[in-house]
Number of protein chains: 2
Amino acid sequence: MTTRRDAVHDTLRRSEGFRSAQDVYAEMRQDGAKIGLTTVYRALQALADGGQVDVLRTDEGESVYRACATDAHHHHLVCRRCGHTVEVAGPAVERWAEAVGGEHGFTEVTHTVEVFGTCASCSSAVRAG
Amino acid sequence: MTTRRDAVHDTLRRSEGFRSAQDVYAEMRQDGAKIGLTTVYRALQALADGGQVDVLRTDEGESVYRACATDAHHHHLVCRRCGHTVEVAGPAVERWAEAVGGEHGFTEVTHTVEVFGTCASCSSAVRAG
DNA sequence: GCGACTTTGACAACCGTTTTCATTTTGTCG
DNA sequence: CGACAAAATGAAAACGGTTGTCAAAGTCGC
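Residues numbered from 1 in each chain as written. Chains lettered and ligands numbered in written order. Predicted model: local features only at pLDDT ≥ 70, side-chain atom pairs only at ≥ 80, totals over all residues. Heavy atoms only, no water.

An unreviewed UniProt entry lists chain A under the name Transcriptional repressor, from Nonomuraea longicatena. Heading Sequence similarities (unreviewed entry) of the UniProt record for chain A holds this comment: "Belongs to the Fur family." As recorded by UniProt, the Subunit (unreviewed entry) comment attached to chain A reads in full: "Homodimer." (UniProt positions renumbered as here; feature names shortened; annotations may be inferred.)

Structure, rendered in structure tokens:
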């Protein structure tokens with residue numbers, strides 16, 4: 001039975017940036033969906049496990065999720081003001097991480113890379129207002 | 001009065017990798033220090049705010065702290081098995097992050113980069129055992 | 001010593017997340 | 001179409017790291 005999971009996935013796809021489980025839950029309830037918070041958590045975990053959504057932790061320790069366009073390994077450029085997110089590839093970073101790990105004798109090297117900034121429209125909004 | 005804070009800082013300096021607040025607390029109590037968990041949390045926050053220690057979040061959402069050798073911007077190569085941590089510089093990554101932000105019109109670009117792996121001694125231990 | 005201010009820490013509250021478990025839904029075999 | 005086993009659901013409780021509360025203890029200037 002994947003209807004709930006699909007509903008969660010759809011809700012996530014409709015969002016521009018990263019959303020917390022509680023965000024998704026609130027939005028679904030807003031839209032009249034009959035779903036429990038537990039199920040949203042479970043669906044998000046399943047989607048994350050299956051690689052259909054990306055997860056990352058906010059500074060406050062909350063898990064946030066995003067339905068990304070590509071399955072391939074990529075990173076995120078996130079607007080810290082509006083949450084607008086761009087998926088970016090970084091072959092240079094991949095190589096760098098591998099190299100750094102190798103230099104120090106580390107194996108099974110993975111990495112987390114996220115870039116934050118203020119997007120064009122947000123910075124012009126700030127300048128204007 | 002900074003004695004407690006210094007004690008926390010010292011304990012952290014004695015550790016090789018990143019340690020959680022509760023780790024630090026347990027270790028200090030082990031060593032006979034009379035200190036409360038609340039105070040350890042406050043000290044770590046103060047140290048982090050002052051830039052004297054680095055903070056990052058584990059996958060489980062726990063905050064972990066480390067007294068780093070350098071004040072300068074750097075990243076970490078962390079053994080996911082024993083926590084052994086190497087401070088690494090990555091000028092290429094800094095430039096890449098700036099460039100990626102610029103390309104998409106983002107300003108005030110910051111980034112988080114952490115590299116995880118299994119260190120040499122841990123991977124040989126695994127192979128042996 | 002005395003009052004004003006700061007720091008401390010036991011404990012309770014918080015909050016996101018996970019677990020529990022009874023109920024509902026789904027899939028499947030007759 | 002039943003009927004039953006397995007999976008999914010969700011309300012409520014539990015959990016765990018972290019933060020807030022507040023009274024007691026410490027520190028400083030006098």
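## Quick word on the interface of chain B and chain A
Contacts between chain B and chain A engage 37 residues on the former and 37 residues on the latter. Counting each side, the surface lost to burial between chain B and chain A is near 2,800 Å², with a carbon and sulfur contribution of 64%. Our count for the chain B to chain A interface comes out at 0 salt bridges. Where chain B meets chain A, there are 16 residue pairs in polar contact (both at pLDDT 80 or more). (Contact = heavy atoms within 4.5 Å. Buried area = accessible area lost by both parts, 1.4 Å probe. Salt bridge = Lys/Arg side-chain N within 4 Å of Asp/Glu carboxyl O. Polar contact = N/O pair within 3.5 Å; in protein donor to acceptor, adjacent residues only side chain to side chain.)

## Observations concerning the side chain of H74 of chain A
All names here are of chain A. For H74, the location among the structural elements is in the loop between β3 (63-66) and β4 (75-79). By relative accessible area, which is 11% here, H74 ends up buried. Only 2.7 Å separates the side chain of H74 from the backbone oxygen of A72, close enough to count as a polar contact. Here H76 takes part through its side chain, which lies 3.2 Å from a polar atom of the side chain of H74. In contact with H74, not counting residues within four places along its chain, are D54, C68, E87 and V88. (Helix = DSSP H or I, 4+ residues; strand = E, 2+ residues; numbered from the N terminus. Buried < 20%, exposed > 50% of the residue type's maximum accessible area, 1.4 Å probe, protein only.)

## With respect to the protein's contact with DNA strand D
The local shell around DNA strand D holds 15 residues, among which R4, T39 and R42 of chain A together with Y41 and S63 of chain B are the closest. When the atoms of DNA strand D within 4 Å of the protein are sorted by group, sugar and phosphate make up 66%. R4 of chain A places a side-chain nitrogen or oxygen 2.8 Å from a phosphate oxygen of DNA strand D. Taking G36 of chain A, its main chain carries an N or O atom lying 3.0 Å from a phosphate oxygen of DNA strand D. Contributing elements (two or more residues each) for the surface near DNA strand D: α3 (37-49) of chain A together with α3 (37-49) of chain B. Of the residues assigned to the surface near DNA strand D, the class counts are 4 nonpolar, 7 polar and 4 charged. (Near = heavy atom within 4 Å. Nonpolar A, V, L, I, M, F, W, Y, C, P; charged D, E, K, R; others polar.)

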